[in-house]
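These are the residues of each chain, in order.
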Amino acid sequence: MADLASKDTPVLGMDAYAPAEIQDKVEKLGVKKATMPFLPSFMLAVVAGGGIGLGGMFFVIVLADPALSFAVQRLLGGLVFSLGLSLVMVGGAELFTGNCLIVMARANGQISTAQVLRNWATIWIGNAVGAIGLVVLIYLSHHTEMNNGAVGAAVLKLAIGKIAPDAVTIFFKGILCNLLVCLAVWLAYAGRTVTDKIVALTLPVAAFVAAGFEHCIANLYFLPLAYLLKVTGHVPAGLDVSMITPGGILHNLLFATLGNIVGGSVFVGGIYWLIYRKGLGGLTPLPPRKTLPSIGQPAATH
């Protein structure tokens, strides 16, 4: 009887998960992420910060090659930067920008606003620890001296380009960045294999990098590394790095972070929630509002 009951249910389907199934998965993951204990949540965030930093390291190697044309350099740089999100999505880690999607569970009343904010603060800080920890390792490895110092010069020029714009410009670059990053996460959730996930996320990530949009966690790698190069005297002659200061770094990070929140939570999480949960009812019935978990308590199961 068991064989008869299961013969119409494939063990492994070859089709991607449908958008409604992705929405259901994202909502359930949002509850899980928001109610995860502090230590594993924070350590997974540290891993993600380091992973995104490794993508940034890969990207700068491409930027340091002056023989490449602008379009080739940006496209190739974006493709190699996707290493970072691949490490997060396949290896398992907690990334602030991707966690903007937990607003879908909040919109359902499955988690509270306080839990969303606690998760975002924990993950952002953990990502910062991971990214800045990698900065120290990269600096001590003398990686930035590659190509006769061109890698270090590329980091400095990249940082100047990120700090120089006004707050409004950085904010909107942050929106566009996380719109693409959360779409990359959404598409990766459609995959059933490692290959599916990596292929799905690569082009959206490559697009935001090639377009020069602002990812606050990637900037937690690029900007502190540039500042470290500046204060230790690793600056090419004639390059003005005066704007690479703690204040300049905070200017970028503040408005990039705010833009990332809007891009991921409103333009991806919010819109898909309106379509698949509000408009179409979702795949899984929601628990009653009275089962809303408080901070530190497990979510209701059903």
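An unreviewed UniProt entry lists the protein chain under the name Formate/nitrite transporter family protein, with Azospirillum himalayense as the source organism. The record in UniProt for the protein chain states the following under Subcellular location (unreviewed entry): "Membrane". For the record of the protein chain, the UniProt heading Sequence similarities (unreviewed entry) holds the text "Belongs to the FNT transporter (TC 1.A.16) family."

On to the overall build of the protein chain. For the protein chain, the helix and strand inventory stands at 12 helices and zero strands. Taken from N to C terminus, the helices and strands of the protein chain fall in the order α-α-α-α-α-α-α-α-α-α-α-α. Against the globule reference of 19 Å for 302 residues, the protein chain gives a C-alpha radius of gyration of 21 Å, in line with a compact fold. Dimensions of the protein chain, computed from the C-alpha atoms along their principal axes, are close to 75 × 40 × 30 Å. Evaluated residue by residue, the protein chain yields a buried proportion of 49% over its 302 residues. Looking at the protein chain alone, contacts between residues at least 24 apart form 85% of all its contacts between residues at least 6 apart. Only carbon and sulfur atoms are counted for the fraction: they give 71% of the accessible area of the protein chain, which is about 13,900 Å².

Attention shifts here to the environment of Ile123. Here Ile123 shows up in helix α7 (residues 113-140). Distance from Ile123 to Phe38, taken between C-alpha atoms, is 9.7 Å for residues 85 residues apart in sequence. Here Ile123 is in contact with Ser41, Ala45, Glu94, Leu95, Phe96 and Asn99, once residues within four sequence places are set aside.

With that out of the way, let us pick up the environment of Gly191. Turning to its location among the elements, Gly191 is positioned in the loop between α9 (167-190) and α10 (194-210). Among the residues examined, Gly191 registers a relative accessible area of 7% and is labelled buried.

Nonpolar side chains collect at one region of the surface, where Leu54, Phe58, Ile61, Leu83 and Leu87 lie side by side and expose about 350 Å² of accessible area between them. Looking at the nonpolar patch, the elements that each hand over two or more residues are α3 (38-63) and α5 (83-91). Of all the elements, α3 adds the most residues to the nonpolar patch, at three residues. Secondary-structure assignment places Leu83 in helix α5.

If you check the backbone angles, Asn147 has positive phi at about 55° while not being a glycine. Residue position: Asn147 is located in helix α8 (residues 146-163). Unlike most non-glycine residues, Asn148 shows phi in positive territory, near 55°. Here Asn148 is to be found in helix α8.

UniProt marks residues 42-64, 76-105, 117-140, 170-189, 201-229 and 249-275 with the feature "transmembrane region" (unreviewed entry), using the numbering shown here. For residues 42-64, helix accounts for 96% and strand for 0%, while the C-alpha atoms at its two ends are 33 Å apart. From the first C-alpha to the last, residues 117-140 spans 35 Å; its make-up is 100% helix and 0% strand.

What follows covers the packing of helix α4 (residues 70-81) against α10. One way to put it is that α4 packs onto α10 with a least axis distance of 7 Å and a crossing angle of 130°. Relative to α10, the element α4 lies oblique. Between α4 and α10 the crossing geometry is right-handed. On α10, the residues that touch Arg74, Leu75, Gly77, Gly78, Leu79 and Phe81 of α4 are Thr202, Val205, Ala206, Phe208, Val209 and Ala210. Among the residues making up the contact of α4 with α10, the classes are represented as eight nonpolar, three polar and one charged.

Procedures and definitions
- The residue numbers shown here count from 1 along each chain, following its written sequence.
- Reporting in this predicted model follows two pLDDT cut-offs: at least 70 for local features of residues, and 80 or more for side-chain atom pairs to be given and counted; totals over whole chains, interfaces and linings ignore these cut-offs and use all residues.
- Side-chain measures here rest on the full set of heavy atoms in the structure, leaving out hydrogens and waters.
- UniProt positions are given in the numbering used here, feature names are shortened, and annotations may be inferred rather than shown by experiment.
- The helix count covers DSSP runs of H or I at least four residues long, the strand count covers runs of E at least two residues long, and both are numbered beginning at the N terminus.
- Two things to know: the radius of gyration comes from C-alpha atoms, and the globule rule equals 2.2 Å times the number of residues to the power 0.38.
- Type-normalised accessible area, obtained with a 1.4 Å probe on protein chains alone, sets the label of each residue: buried when under 20%, exposed when over 50%, and partly exposed for intermediate values.
- Working rule for contacts: check all heavy atoms of both residues, and any pair within 4.5 Å makes them a contact.
- Residue burial considers only the protein chains on display, and all accessible areas are found by Shrake-Rupley using a 1.4 Å probe.
- The patches reported here contain residues having more than 30% relative accessible area and no salt bridge. Joining distances are 9 Å for like charges and 5 Å for nonpolar side chains (Val, Leu, Ile, Met, Phe, Trp, Tyr).
- Only one rule defines a salt bridge in this text: a Lys or Arg side-chain nitrogen within 4 Å of an Asp or Glu carboxyl oxygen.
- Axis geometry follows a simple rule: fit a line to the C-alpha atoms, using only the stretch in contact for helices, then measure angles between N-to-C directions, giving values from 0 to 180 degrees.
- Angle categories are assigned with fixed cut-offs, so that under 35 degrees is roughly parallel, over 145 is roughly antiparallel, 65 to 115 is roughly perpendicular, and the rest are oblique.
- When the near helix sits turned anticlockwise from the far one by under a right angle, the crossing is termed left-handed; a clockwise turn instead gives a right-handed crossing.
- For this classification, Asp, Glu, Lys and Arg are treated as charged, while Ala, Val, Leu, Ile, Met, Phe, Trp, Tyr, Cys and Pro are nonpolar and the rest, including Gly, are polar.

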